[in-house]
Amino acid sequence: MTNRFQFIEDHHRAWGVKRLCAVLEVARSSFYKWRAGREARAARERADAALAERIRAVHAEWDGTYGRPRITAELRDDGERVNHKRVGRVMRKFGIAGLRLRKRQVTTVPEPSATRDLSPSGGHL
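Read on for an overview of the structure. (Residues numbered from 1 in each chain as written. Predicted model: local features only at pLDDT ≥ 70, side-chain atom pairs only at ≥ 80, totals over all residues. Heavy atoms only, no water.)

## Regarding the nonpolar core
Of all hydrophobic cores here, the largest spans twelve residues; its members are L51, A52, I55, V58, Y66, I71, L75, V82, V87, V90, M91 and I96. Elements with a minimum of two residues in this core: helix 4 (38-61), helix 5 (68-77) and helix 6 (84-93). At four residues, the largest contribution of residues to this core is made by helix 4. For I96, the residues in contact, after removing those within four places along its chain, are A52, I55, R56, H59 and M91. I8, C21, V26 and F31 belong to the second-largest nonpolar core, a separate cluster that totals eight residues. (Core = buried A, V, L, I, M, F, W, Y, C linked by side-chain atoms within 4.5 Å. Buried < 20%, exposed > 50% of the residue type's maximum accessible area, 1.4 Å probe, protein only. Helix = DSSP H or I, 4+ residues; strand = E, 2+ residues; numbered from the N terminus. Contact = heavy atoms within 4.5 Å.)

## With respect to the pattern of salt bridges
The final tally for this structure, using the stated rule, is seven salt bridges. The salt bridge partner of D48 is R86, with a shortest N-O separation of 3.1 Å. Taken together, the residues D48 in helix 4 and R86 in helix 6 connect sequence positions 38 residues apart. On the basis of relative accessibility, which here comes to 1%, the residue D48 falls in the buried class. Of the charged contacts, one joins E80 and R54 as a salt bridge, the two residues approaching to 3.0 Å between their closest N and O atoms. Taken together, the positions of E80 in the loop between helix 5 and helix 6 and R54 in helix 4 put the pair 26 residues apart, joining distant regions of the chain. Assessed through its relative accessible area of 23%, E80 is described here as partly exposed. (Salt bridge = Lys/Arg side-chain N within 4 Å of Asp/Glu carboxyl O.)

## Description of the packing of aromatic side chains
Inspection of every chain in the model, using the stated rule, returns five aromatic pairs. Both rings, one in F5 and one in F31, keep their centres 6.4 Å apart while their planes meet at 50°; by these two values the pair is tilted. Taken together, the residues span a long stretch of sequence, with F5 in helix 1 (residues 2-15) and F31 in helix 3 (residues 28-36) at a distance of 26 residues. Here F5 falls in the buried class, since its relative accessible area comes to 8%. Take F31: its relative accessible area is 0%, and that puts it in the buried class. Aromatic ring contacts, followed pair by pair, group F5, F31, Y32 and W34 into a single cluster. (Phe/Tyr/Trp six-rings, centres within 6.5 Å; stacked < 30°, edge-to-face > 60°.)

Right, dumping it as structure tokens:
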């Protein structure tokens, strides 16, 4: 959706917002709300970049072994007010990953002959 809004922003002088929104099937109010949030998005990008640098520092300090939970704990110990979900999002965005030592263990293996009946009656008559 952001690409549509950016396209409207880039071409609104030539074609007009109303026409572009109609062609792209976007509500004008949505476009104007997106436009109004530009500064907030830019501020969030800058804050995320600054957080990514702090995350990289903690990550490097522990030789790349710390993941989201431990990095969040370290940042909080340093006085940073940060949520583990935000730390995870920033880590994914900037390609920072902790060390995974174990493979995921499969505990349940379905029987191949026991297929589920997905009919509306559930297999009952």
